[in-house]
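Chain residues, written in single-letter form:
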Amino acid sequence: MHRWLLKSEPGDYAIDDLARDKRDWWTGIRNYQARNFMIHDMHVGDGALFYHSNCAAPGVYGVAKVCAQAATDDTQFAPDSKYYDSKSSPDNPRWRCVQIAFVRKLKKPFLLADMRHIPELEKMLILRRGNRLSITPVSDDEWRLITGDKK
DNA sequence: GCCAACGTTGGC
DNA sequence: GCCAACGTTGGC
């Protein structure tokens, strides 16, 4: 069982959207490293920290979990989608994504500005300068510290 | 809005 | 395969 941090711009898709929808395919990932995490390493039951990026107060706002293994990301074939990929073909889809389910919102967000001051979190990839990877692994200790979960 | 850091593209 | 140019990300 692994744990992850998923970035999303709240203007695009926020934790409240997931709370409303209950579950959603994590479409639109167009980076091979993040895609490979979804295809090879993310499994049903894995936990996910839901992180808001590119916004006034970036940080972890909620908890989700993987509820379905990676499947074809249909947005790659939708010409109207901002995630359309003209070089991908239905015979050989380039992009796949997992489905995630809403678990809960944090009582108060764990902000990036606060994460930076906690020594136990200093190894988190999200804190590395220049980091742009939208899916990153999270250790069990980091998970407990951020979510307050006992295990 | 600024700008550093990064990933991708494409000419060679 | 190299690498400059370009577009994007994302904190500030």
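Quick caveat: nothing in here was measured; it's all calculated off a predicted structure. (Residues numbered from 1 in each chain as written. Chains lettered and ligands numbered in written order. Predicted model: local features only at pLDDT ≥ 70, side-chain atom pairs only at ≥ 80, totals over all residues. Heavy atoms only, no water.)

> Explain helix H4 (residues 140-147) to me, please; I cannot follow it from the model alone.
In an α-helix, one full turn covers 3.6 residues, which means residues spaced three or four apart are oriented alike. Among the residues of H4, Glu142, Trp143, Ile146 and Thr147 are the ones counted as buried. The buried side chains of H4 occupy one side of the element, clustering within an arc of 110° when seen end-on. Elements that come into contact with the buried residues of H4 comprise strand S1 (3-8), strand S3 (47-52), strand S4 (59-72), strand S5 (96-111), helix H3 (112-115) and strand S6 (135-138). Gly148, located one to two residues past H4, shows a positive phi value of around 80°. (Buried < 20%, exposed > 50% of the residue type's maximum accessible area, 1.4 Å probe, protein only. Helix = DSSP H or I, 4+ residues; strand = E, 2+ residues; numbered from the N terminus. Arc of directions from axis to C-beta. Contact = heavy atoms within 4.5 Å.)

> Where do I start with the pattern of salt bridges in this structure?
Side chains bearing opposite charge may pair, as long as their charged atoms lie close to each other. Summed over the entire model, instances satisfying the criterion amount to nine salt bridges. The residue Arg30 makes a salt bridge to Asp73 at a minimum N-O spacing of 3.0 Å. In this pair, Arg30 sits in the loop between strand S2 (23-25) and helix H2 (32-41) while Asp73 sits in the loop between S4 and S5, placing the two residues 43 residues apart along the sequence. Overall, the relative accessible area of 1% leaves Asp73 in the buried class. Through salt bridges that share partners, Asp17, Arg20 and Asp21 make up one connected network. (Salt bridge = Lys/Arg side-chain N within 4 Å of Asp/Glu carboxyl O.)

> Looking at this structure, I do not really get unusual backbone geometry. What am I missing?
In most cases, non-glycine residues show a negative phi, while peptide bonds are predominantly trans. Despite not being glycine, Lys22 shows a phi value in the positive range, around 75°. Topologically, Lys22 is positioned in the loop between helix H1 (15-21) and S2. Note on Lys22: relative accessible area 54%, which makes it exposed.

> When you look at the protein's contact with DNA strand C in this model, what are you seeing that I'm missing?
As a structural note, the neighbourhood of DNA strand C is formed by Lys7, Tyr51, Ser53, Asn54, Pro58, Leu112, Arg116, Asn131 and Arg132. A share of 80% of the atoms of DNA strand C within 4 Å of the protein falls on sugar and phosphate groups. Arg116 is positioned such that a nitrogen or oxygen atom in its side chain is 3.4 Å from a phosphate oxygen of DNA strand C. Measuring from a phosphate oxygen of DNA strand C, one finds a backbone N or O atom of Arg132 at 3.2 Å. Class assignment for the residues of the surface near DNA strand C results in three nonpolar, three polar and three charged. (Near = heavy atom within 4 Å. Polar contact = N/O pair within 3.5 Å; in protein donor to acceptor, adjacent residues only side chain to side chain. Nonpolar A, V, L, I, M, F, W, Y, C, P; charged D, E, K, R; others polar.)

> Which parts of the structure should I look at to understand the protein's contact with DNA strand B?
If you check the shell around DNA strand B, you find Tyr32, Lys87, Arg129, Gly130 and Arg132 and nothing else. Of everything in DNA strand B that lies within 4 Å of the protein, sugar and phosphate atoms constitute 70%. Interatomic distance of 2.3 Å between a side-chain N/O atom of Arg129 and a phosphate oxygen of DNA strand B. Of the residues in the surface near DNA strand B, the class split is one nonpolar, one polar and three charged.

> I tried to follow the nonpolar core on my own but got confused; where do I start?
Note on soluble globular proteins: their nonpolar side chains tend to be buried together. Counting residues in hydrophobic clusters, the biggest one holds 23 residues, and the most contacted among them are Trp26, Met38, Met42, Val98, Ile100 and Ile135. Where this core is concerned, the elements lending two or more residues are S1, H1, H2, S3, S4 and S5. Beyond its immediate stretch of four places on either side in the chain, Met38 contacts Trp26, Ile29, Ala70, Arg96, Cys97, Val98 and Ile135. Membership of the second largest hydrophobic core comes to 17 residues, among which are Ile118, Met124, Ile126 and Trp143. (Core = buried A, V, L, I, M, F, W, Y, C linked by side-chain atoms within 4.5 Å.)

> What is the right way to read the sheet that holds S5 from this model?
With respect to topology, six strands assemble into an open sheet ordered S2-S5-S4-S3-S1-S6, the strand pairing being mixed. Looking along the sheet, the strands with just one partner apiece sit at the ends: S2 and S6. Direction aside, the axes of adjacent strands within the sheet are offset by 35° on average. Relative to S5, S2 is paired through three bridges, and the arrangement is antiparallel. If you follow Asp24 over to S5, its bridge partner there is Ile100. Against the sheet, H2 engages S1, S4, S5 and S6, with an angle of about 105° to S5. (Pairing = 2+ DSSP bridges. Axes fitted to C-alpha atoms, helices over the stretch in contact; angles between N-to-C directions.)

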